[in-house]
Amino acid sequence: MGVKARKKAIAKQLNKGASDFSASKDEARDFLTGKSKHFGFIEFESPEVANVVADTMHNYLLFEHLLQVQLIPPEHVHPRLWKGVNRWYKPLDWVKIERKRQDKERTLDEHKKLVEGILKRDKKRRKRIEAAGIDYDCPEIVGSIQAAPKKIRFDVD
């Protein structure tokens, strides 16, 4: 059984068991990736049911992992614990974010700084090659300090 299938089966089994007696459930997720943090909360309507479930499910072997269950008294529950429970997580589109960051139009100063960094790294690379005793003629980096326009603009006359 694959990791994803196992996680889905665990979540399905826990949800099935908790849905009979509980008022609400929440699984902790990472804010950026949306992946599970491997802990969650279940709120029960009656404390008697919560005690029975905690006693029976503590150290329950679930897919080669021991399930740890602890009761939290109501006064220790944070008031915003159940905020956003029923919302679906929409992960960030990192490809789109990086594409936008890479394709932005740079000012002349930003472009100069970018080119200087490239030339500085190239110079350092050449020194390391030379220090290693390798006789290699590195091709020169061709470019200009002037930033090339990202879009071609035509004058309308």
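Quick caveat: nothing in here was measured; it's all calculated off a predicted structure.

Enquirer: Account for unusual backbone geometry, with residues named and values stated.
Expert: Phi is positive for Asn 59, which is not a glycine, with a value near 60 degrees. Along the polypeptide, Asn 59 turns up in the loop between helix H2 (47-57) and strand E3 (60-62).

Enquirer: Pulling in residues and values, what's your account of the pattern of salt bridges?
Expert: In the structure shown here, the tally under the stated rule is 4 salt bridges. The salt bridge involving Asp 122 is made with Arg 125; its shortest N-O contact spans 3.3 Å. Residue Asp 122 and its partner Arg 125 are both found in helix H4 (residues 108-131); the two are separated by 3 residues, about one turn of the helix. The class of Asp 122 is buried, set by a relative accessible area of 10%. Given the relative accessible area of 40%, Arg 125 is considered partly exposed. Residue Glu 140 pairs with Arg 126 through a salt bridge whose shortest N-O separation is 3.8 Å. With Glu 140 in the segment after H4 and Arg 126 in helix H4, this residue pair connects regions lying 14 residues apart in the sequence. For Glu 140, a relative accessible area of 63% gives the class exposed. Sharing partners across several salt bridges, the network here consists of Asp 122, Arg 125, Arg 126 and Glu 140.

Enquirer: Outline a nonpolar patch on the surface, supporting the account with residue identities and numerical values.
Expert: Where nonpolar side chains cluster on the molecular surface, the patch consists of Leu 114, Ile 118, Leu 119 and Ile 141 and spans about 300 Å² of accessible area. Among the structural elements, Ile 141 can be located in the segment after H4. Judged by relative accessible area, which is 38%, Ile 141 ranks as partly exposed.

What counts, and where the lines are drawn
Numbering of residues begins from 1 in every chain and follows the order in which that chain's sequence is written. Thresholds applied to this predicted model are a pLDDT of at least 70 for local features of residues and 80 or more for the giving and counting of side-chain atom pairs; totals over whole chains, interfaces and linings are not thresholded and use all residues. Where side-chain values are given, they derive from all heavy atoms of the structure, hydrogens and water being excluded. A run of H or I in DSSP counts as a helix once it spans at least four residues, and a run of E counts as a strand once it spans at least two, with each numbered from the N terminus. For this document, the term salt bridge refers to a Lys or Arg side-chain nitrogen within 4 Å of an Asp or Glu carboxyl oxygen. Remark: exposure states derive from per-residue accessible area (1.4 Å probe, protein chains only) relative to the maximum for the residue type, with buried under 20%, exposed over 50%, and partly exposed in between. Within the patch definition used here, like charges are joined within 9 Å and nonpolar side chains (Val, Leu, Ile, Met, Phe, Trp, Tyr) within 5 Å, considering only residues with over 30% relative accessible area and no salt bridge. To measure how exposed things are, a 1.4 Å probe is used in the Shrake-Rupley method; for residues, cover is taken only from the protein chains shown.

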